[in-house]
Amino acid sequence: MRIELNCQQNTEVFSAVLGVLVKHGLALQAMQSVDTGHLFLHLTELELPLTQQLLSEFRCLNGVSDARIVSALPSEVEHKEVQILLDNVPYPVVLIDKSGEIRQFNQAFEQSCGDTPHPLTNSDISKFLRGFSVQRWFGSGSGKRELAEIQLSGRVYMADIIPLSETALFSHLPGAIMLFKSAHWLESSFDLSQIELGISEGRLVATSDETSNVLNSLKRLVEHPMPSLLFGEAGVGKRFLARLLNELSMGSDERFHVVSCHSQEYSLSEQLAEIAAEQPNTVLLSNIEKLKSSEVEDAVSSLSAPQLGIKHLLFSSRYTPEQLAALWGGDCYYSLIKNSINVPPLRQRKEDIVPLAQSWLDFQYAKHQEVPPPLGREVKRYLSSLSWPGNIPQLYQVLQDSLDIGSMKKWQVSDIKYHHEKVVDNVSIESLLQQDYHSAMGEFEHLLLSYHYPQHPSSRLLAKKLGLSHTAIANKLREHNIRNKTDLDN
């Protein structure tokens, strides 16, 4: 409870006020005087009869003209003003003391931290940070202003860490203020199209051990280039990794070329001749399972000439090395491709799912100069539990379908429009290739129907999508026992 006294400022009045408090056995938690006519008291909360009696006794004191209840002390009003200012900053801001405990923060910081079992105030900020030690920073000359890349609750920011006053007069103040800006907020002229390009191809998130291993393999290729295979399911980020290798090798985007072996517009030899003439740094041949062994031999020989200066020759495929060796012959495959990197699907690197989703959301909200609402613990658990047969593109598509910028305060599980709950987790090209013809075709048919039926929830719509007759689709849906969610609920 806070009480304001309109009174004279002298020792007699102060003594009389304290005498009233002692009489009722009340402890004074704080006293503030802001000018010559006002004295503020901070007491524990009291019952209404005692409060009225206390105010009456204060008014009867010599030198006191009035006493009333107020909502806050002057210092607390100043604190609220600071909080209002902080909450209007669109990116996370936090004030910490020299032990790393959180003293004050804004709404954006609270949202970035997500659901926590304990209050943020007085918590150790190290629990939420990776890549930066507050204690070490304070220990090195009491901290100097620093700009560092830091992960806050799994999201990457450029953080500006600013030390505050160290004088004895201001020893009660926080030791530092930290401002976290994502790459999308660093400058207004930042090229969002380049960010979108990186995100659309599957921005590398090395949270899981599996992706860290892929990144380490990629780094070894920087110093020791050799013809290498990137293999994995569609949508896992093979092309993005090839582009990343090019960047790590100091190659510009213009010196990165992709040859799709699906394309029939030009012959492969014509495409390779055009690329060789441009002498790129990195060349990726995608979908090489479409090629014959002789075509692969021609590609390697035409792009490996020393005078071309091509540093990295990469291949990508959904087939494993063993399957490609069986397709072309082991002698041919292992004589041409000297290294292979397995890029796991999302269901095998679940730790990457939430950071990938958060990175995509950061970009979408940055286009509107807004901070994305937090992904709660249940939402993160739900996203990580899904099979994602379409991998990264499917994750982004589900988020796009679920997005409602401007009206969403916090993500709920019910907001996630994931349409493929019935898709089997372990269906992959590899698993299908290991089965006989009839079982593989039956499993693929079930996968195809399960995947498309939620977006085309009638036999007529699905028939139009897949180019079959209405009767054929209706029979296949009955055969595979595939029904829409309403039917299942009933």
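Here's what I pulled together on the structure shown here.

Cut-offs used in this document
Residues numbered from 1 in each chain as written. Predicted model: local features only at pLDDT ≥ 70, side-chain atom pairs only at ≥ 80, totals over all residues. Heavy atoms only, no water. Helix = DSSP H or I, 4+ residues; strand = E, 2+ residues; numbered from the N terminus. Buried < 20%, exposed > 50% of the residue type's maximum accessible area, 1.4 Å probe, protein only. Contact = heavy atoms within 4.5 Å. Areas by Shrake-Rupley, 256 points an atom, 1.4 Å probe, with all protein chains shown as cover. Expected span 1.5 Å × (residues − 1). Axes fitted to C-alpha atoms, helices over the stretch in contact; angles between N-to-C directions. Left-handed = near helix turned anticlockwise from the far one by under 90°. Nonpolar A, V, L, I, M, F, W, Y, C, P; charged D, E, K, R; others polar. Pairing = 2+ DSSP bridges. Phe/Tyr/Trp six-rings, centres within 6.5 Å; stacked < 30°, edge-to-face > 60°.

What about the overall build of the chain?
- Helix and strand counts for the chain come out as 20 helices and 15 strands.
- In the chain, which comprises 490 residues, the proportion classed as buried is 44%.
- At a minimum sequence separation of 6, the contacts of the chain that also span at least 24 residues come to 65%.
- With the model as given, the accessible surface of the chain reaches about 25600 Å², and the carbon-plus-sulfur share is 51%.

Description of helix α15 (residues 391–402)
- For α15, built from 12 residues, the straight-helix expectation of 16 Å at 1.5 Å per residue is met to within 8% by its first-to-last C-alpha distance of 17 Å.
- Every buried residue of α15 is listed here: Asn391, Ile392, Gln394, Leu395, Tyr396, Val398, Leu399 and Ser402.

Section: the packing of helix α17 (residues 437–452) against helix α18 (residues 459–466)
- Their axes nearest at 11 Å, the elements α17 and α18 cross at an angle of 115°. Pair α17 / α18 crosses with right-handed handedness. Contact residues: α17 offers Leu448, Leu449 and His452, while α18 offers Leu462, Lys465 and Leu466.
- Among the residues forming the contact of α17 with α18, the class breakdown is four nonpolar, one polar and one charged.

Regarding the pairing of strand β10 (residues 176–181)
- Of all six residues that make up β10, five are buried, and the element is covered over most of its length.
- Taken together, the four bridges between strand β5 (residues 93–96) and β10 define a ladder with antiparallel strand orientation. Bridged to Val94 within β10 is Met178.
- Relative to β10, strand β9 (residues 155–163) is paired through six bridges, and the arrangement is antiparallel.

With respect to the sheet that holds strand β15 (residues 339–342)
- Read from one edge of the open sheet, five strands run β12-β13-β14-β11-β15, paired in parallel fashion. Two strands close off the open sheet at either side, each with one partner strand: β12 (256–260) and β15. Going across the sheet, the axis of each strand differs from the next one's by a mean of 20°, ignoring polarity.
- Where strand β13 (residues 282–286) and strand β14 (residues 312–317) come together, five bridges link them in parallel fashion. Its bridge partner lying in β14, Thr282 is registered against His312.
- Its contacts with the sheet put helix α9 (residues 268–278) on β12 and β13, and the angle it makes with β12 is roughly 175°.
- The sheet strands contacting helix α10 (residues 293–303) are β13 and β14, and the helix crosses β14 at an angle near 155°.

Description of the environment of Ala325
- With respect to the helices and strands, Ala325 occurs in helix α11 (residues 321–328).
- Ala325 gets classed as buried once you look at its relative accessible area, which sits at 10%.
- In this structure the C-alpha to C-alpha distance between Ala325 and Ser293, which are 32 residues apart in sequence, comes to 9.6 Å.

Brief notes about the sheet that holds β5
- Spatially, the six strands line up as an open sheet ordered β6-β5-β10-β9-β8-β7, and their pairing is antiparallel. Pairing within the sheet leaves two strands with one partner each, and these edge strands are β6 (102–105) and β7 (129–130).
- Examined bridge by bridge, β5 and β6 share three bridges and lie antiparallel to one another. In the strand pairing of β6, Ile96 is matched with Ile102.

Side note on the packing of aromatic side chains
- With the rule as written, the count across this model stands at eight aromatic pairs.
- The interplanar angle of 75° and the centroid separation of 5.9 Å between the aromatic rings of Tyr157 and Phe180 together place this pair among those described as edge-to-face. Of the two residues, Tyr157 sits in strand β9 while Phe180 sits in strand β10, which places them 23 residues apart along the sequence. With respect to class, Tyr157 is no different from Phe180; both count as buried.
- An aromatic cluster is present here, built from Phe105, Phe109, Tyr157 and Phe180 joined pairwise through their rings.

What to know about unusual backbone geometry
- A positive phi angle, close to 50°, is found at Trp388, a residue other than glycine.
- Residue placement: Trp388 occurs in the loop between α14 (377–385) and α15.
- Phi angles above zero are rare outside glycine, and Asn391 is one such case at about 60°.
- Among the structural elements, Asn391 can be located in helix α15.
- Since its relative accessible area comes to 0%, Asn391 is described here as buried.

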